[in-house]
Structures are given as structure tokens and as C-alpha cells.
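# Structural overview for review
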Amino acid sequence: MDDGQVRGPKMFRLWRVCFVSTLLIHSHFSGVAGTTGSNGAVLRMSRTALNKAVSGKMSGSSSQNNLQMPAGAGGGLLGSGGLLGGLLGGGGLLGILGNGGLLNTVQGLTGLRIIDLTLPQLSLRLLPGIGVHLNLYTKVAINGKSLLGFLDILVEVNITARTRLTQEASGVPRLVIEDCQALLGGINVRLLRGLLSGILDGLVSNLLRNILPGVLCPVVNVVLDLTNGLLLTANSLVPLGLLGSIQYTVSSLPIVTGQFIELDLNTVVSQLGGGLIDYPLGHSMMPISMPPMMEATEAQLGLSSNFLGCVLTALQKEGLMDLELSDGDIPGIPPLTTAVIGGAIPKVSSMFKETRPLTLKIRVPSAPTVKLQKNRGIVSLFVKTEINALNPNSKKTPICVLGVDVRLNAKFSVGGDKLMISLSVDSTQLSILSTSVGRFDVSVLGGLVGNIFSFAFLPAINTVVGQGIPLPKLMNINFNDANIDILDDLVVLSS
């Protein structure tokens, strides 16, 4: 086959699959693609989603529910390598009384030291317009010495803190502590040898109730550091394979209600060379209006039609919606030859006494548009189709250029943390842009064009858009099994 000759659809599809096989794969980068954007997405996370994410981060597994006292001082949260290791000093051990403790010996008590904490059990509630109220339940293991011998102490503690949700200069949301209190519950004091006197028991209990609350509030800082680390993922840059990137950034101070935290996200679609894909002129730039969030829903993500249109435009600008065909490339349809169209366009028969193969160059010269309305998604394209006859010397004789207004039905699904799109033909409308064979009734080519779009153009487009659009990844929220609702100008995923 000559290098200039049009390749068959199998070779074309193989090239296209190879080119976009990494298209829209989700990963994070540290760079910033652009400084301008529009609110193309809204992300909501409920109290339950926030609680699960932070608890999972604390325990290393979101399924961890039970709290068990560590077997020894070397493990658990305060031991070497533990979650709180080093936070309270002394290699994770905090001295309270004497021997490097916070206070000197008090009435025969010395060397009181926190040796470990159980994994805090977290519960939280959202404070509308403010932030998050945290409650941590934990058990504190303490040992020390008294005049009667060594002490082994176990204290139940409830730590509560009110935090305010703020926004850093980069746009990332951040929780900041406004106040903290630690309330002690049961205190179990055991003398390793001998009998514990009531006086000593009361002395230890009173001492710990006065000292421990101020000592344990730093535990909240650890939990907030974990939470704020998860919130950092609100700003992310995900690649469009070899084409460019999508940048998600928080555009304004998050909204806190009693049910959820809502983040408005700027969405910037950038080309590999650095150019930004602008929203189509005339399209609404109004804030996204989200539907009510059901009580059982843990997270909700709304993606605007403008944003989806920008992503498809990035594909269009890279030429991934363009296609070249020749006779024999499309199984199951009549041959693409001058004899076939000559029956409908007489001048073609007179121009070519011998049957010549045809070549078709199909291009999408302008940006696609996406329209979303209740329960329906529509992608509109203008397709320019050049029809040429291929001569024996490989030179092409132009026959005509057709314009095809195409409406495609869009079906959405979620898989692999990406919004998947599948397109099907709704309607096509033909027009003549130019002709070398005189005027003719363009409708006579309707059947041929319909077959080409159904058997060649549409599969090629679905190969491209079917790779999916990477979703913002915040708090490890999983939308893969989400319910999908198509509303006016909005696709909503509810998990």
C-alpha cells in the first residue's frame, strides 16, 4: 500500500486505540496548568463520607471499628512509628510527674507517664456556616510510682473540638481548631503489688482530671492534620493522556450545611502546548444549581454541560474526531466507487467512464456542543466530508464537499473513577458546501452517508470518548457505583 493511500479502518482503529490508550487516566501532578477557569463541577460530601475517610486514614482501613489496648508500650499510637509517635515527646512517651514529667513529685506520686493511647474512635457533626465538631473517644495508658509501689492506670477520655473550615491562598480548604476540651470518664488505678488505698486512688484521679485535658488536646491536631491532608486532594491535575490535562481547583470558600460540605470546583481543560479550552461563546456561566441531596447519599458530584463540552473540544482540536476512508474500508456497505454515486449524480458517470474508487476525508472543524436536559444528553457536531475520486496516478479529483449536522445521543456511566460516554446517532442533516459536479439533490446520498456514520464514524468517535473523563478524587470518595441523573445542563453522580 502506498504511503499516501488511505489506511483501512482496522489500522486506523489500532492507531487510535494506541494513541488514546492512556487517555484520561487518573493521576495527580503538582503543577498548575492555568490560572483561569469556570465552575464546571460541584462536589458534596456528607458527614458520613467525611467520618469514613478520616477514620480510614487513622486506622489504615475503613473497616476498623473496635478499639483494643496495645499489648505493650512499644506499639500502638505512641510507640515508635505509631500514629502519634513523637507527638507527645520522649519518643512517644509523655512524662507527667517527676523524672522529666510536667510536675514535680506530688504527695508521693512520681514518674507518671503516658505510655500509649488506643486508636481514637471518631465521630463528627457538621456545624452550618462554621465547620466541623469533632469528638474523639480514646483510652490512655499511664504508669508511675507511688510510696506504695508501681501504678498501672487506664483512663477513658472524650476529646471534643470545634473547628472552622477556612480556605488557603491556593484554594485548598483547611480545618482550624477554635477550641478544644478533654473530659475524663472512668479512671482505673491498679497497684501492681499490694492494695490500693482510697486516698491514693482519689489523689491520682484528681490529679489526672486537672492535668490530662490540656495534655491530650494535641491529639486533635493529629486528626486535623490527617483530615487536612485528605482535603489537599480537592485541588488536582489529571492528564488527558497525550492531549493535555484537566485541572480541578476549589473556587470559593466551601459551604457547610448540617448535611454536607459543598465545594465549587473550577475546571480548566488545557492542551499539551499550554493553551486553554474556553467555554463556548453564548453558553451560560451561571453557578451550578445542584438538586437536593438524599439522606442516604454519602457524596454527590455535578458536572456541567459546559465542562463536558470543553473536554470533547480538546479531543476535536487534536484531530481525534477526524477520519479518512477509502473503498473497502467499511465492511457491509456498498463499494465506495464512482459507479455507486454515479447512479444518483449523473455528471459523475459522465466524468468517469471507468469506475474509480472514492476517498472520503471526514473532519470536525468546530467545537462539539453538549446539551443536557432531563434524562437526556445530546452531543451536536458539524462534520465536513470531502468526497474525491482516486485516479490511477494516485491524484484525486474532487467531487463535492458535504456538510453534515449530526445529533448524537449520549449515555453516561462510571468506571475506573472516570465518567464514561457512549454515543449513538440520533439524526443527520446533509447540505452541499461545494461541488465539482453541478447541483444535485443531496438527499440521494443520505443512505450512503448514514451507513458511513453508523459503521465507521460513530465507532471511531466512541473509541475516543469511551476512554472516559477522570473525576476529581477527594477523600477517597468512590463514584464507580454511583446513581446517574441527567438534569438541565448537569450530570449528577450520587454515591
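Residues numbered from 1 in each chain as written. Predicted model: local features only at pLDDT ≥ 70, side-chain atom pairs only at ≥ 80, totals over all residues. Heavy atoms only, no water.

## Focus: the overall build of the protein chain
Helix and strand content of the protein chain: eight helices and 21 strands. For the protein chain, with 495 residues in total, the buried portion stands at 48%. In the protein chain, once contacts between residues fewer than 6 apart in sequence are set aside, the share between residues at least 24 apart is 68%. (Helix = DSSP H or I, 4+ residues; strand = E, 2+ residues; numbered from the N terminus. Buried < 20%, exposed > 50% of the residue type's maximum accessible area, 1.4 Å probe, protein only. Contact = heavy atoms within 4.5 Å.)

## What about the packing of aromatic side chains?
For the structure shown, the criterion picks out two aromatic pairs. Ring geometry for Phe-453 and Phe-457: centres 4.9 Å apart, planes at 50°, overall tilted. Taken together, the residues span about one helical turn, with Phe-453 and Phe-457 both in helix α8 (residues 446–465) at a distance of four residues. Among the residues examined, Phe-453 registers a relative accessible area of 2% and is labelled buried. (Phe/Tyr/Trp six-rings, centres within 6.5 Å; stacked < 30°, edge-to-face > 60°.)

## Overview of the state of the cysteines
Disulfide: a covalent bond formed between the sulfur atoms of two cysteine residues. Enumeration according to the criterion identifies one disulfide in this entry. The disulfide partner of Cys-180 is Cys-217, and the S-S distance across this bridge is 2.0 Å. Between Cys-180 and Cys-217 the disulfide shows an S-S torsion of about -100°. By sign, it is left-handed. Of this pair, Cys-180 sits in strand β7 (residues 173–191) while Cys-217 sits in the loop between α3 (198–216) and α4 (218–231), placing them 37 residues apart in sequence. (Disulfide = S-S within 2.5 Å.)

## Here we look at the nonpolar core
Residues Ile-153, Val-155, Leu-208, Leu-308, Ile-399 and Phe-479 are the most contacted members of the largest nonpolar core, which totals 133 residues. Here this core takes ten residues from α8, the largest share from any one element. Counting residues in each nonpolar core, the second largest holds five residues, with Val-42, Ile-288, Met-290 and Val-492 among its members. (Core = buried A, V, L, I, M, F, W, Y, C linked by side-chain atoms within 4.5 Å.)

## A few points about the environment of Gly-111
Topologically, Gly-111 is positioned in strand β3 (residues 110–117). Its relative accessible area of 9% is what places Gly-111 among the buried residues. Residues Gly-111 and Lys-145 lie 34 residues apart in sequence; the distance between their C-alpha atoms is 5.8 Å.

## Thoughts on α4
Its 14 residues give α4 an end-to-end C-alpha distance of 20 Å, which sits within 8% of 20 Å, the value for a rise of 1.5 Å per residue. Those residues of α4 that sit buried are Val-219, Val-220, Val-222, Val-223, Leu-224, Leu-226, Thr-227, Asn-228, Leu-230 and Leu-231. (Expected span 1.5 Å × (residues − 1).)

## Section: the confidence of the model for the protein chain
For the protein chain, the average pLDDT comes to 79, and 79% of its residues sit at 70 or higher. Mean pLDDT per element in the protein chain: helix α1 (residues 9–20) is the minimum at 41, and strand β20 (residues 483–487) is the maximum at 96. Below pLDDT 50 for its whole length, residues 1–37 participates in 75 contacts with residues either more than four positions away or in separate chains. The low-confidence segment residues 61–105 (pLDDT under 50) makes 114 contacts with residues lying over four places distant or belonging to another chain. (pLDDT = per-residue confidence, 0-100.)

## Section: the pattern of salt bridges
The full count for this structure, using the stated rule, is ten salt bridges. One salt bridge connects Arg-162 with Glu-178, and the closest N-O pair in it is separated by 2.8 Å. In this pair, Arg-162 is assigned in strand β6 (residues 149–167) and Glu-178 in strand β7, connecting sequence segments 16 residues apart. With a shortest N-O distance of 3.7 Å, Arg-174 and Glu-168 are connected by a salt bridge. The exposure class assigned to Glu-168 is partly exposed, which follows from its relative accessible area of 33%. (Salt bridge = Lys/Arg side-chain N within 4 Å of Asp/Glu carboxyl O.)

## Some words on unusual backbone geometry
Negative phi values dominate among residues other than glycine, just as trans dominates among peptide bonds. In this structure, Asn-375 is a non-glycine residue whose phi angle is positive, near 65°. Of note, Asn-375 is situated in the loop between β15 (369–373) and β16 (376–390). Its relative accessible area of 61% is what places Asn-375 among the exposed residues. One non-glycine residue, Asp-417, adopts positive backbone phi at about 60°. Examined against the element boundaries, Asp-417 turns out to sit in the loop between β17 (396–415) and β18 (418–435). Judged by relative accessible area, which is 22%, Asp-417 ranks as partly exposed.

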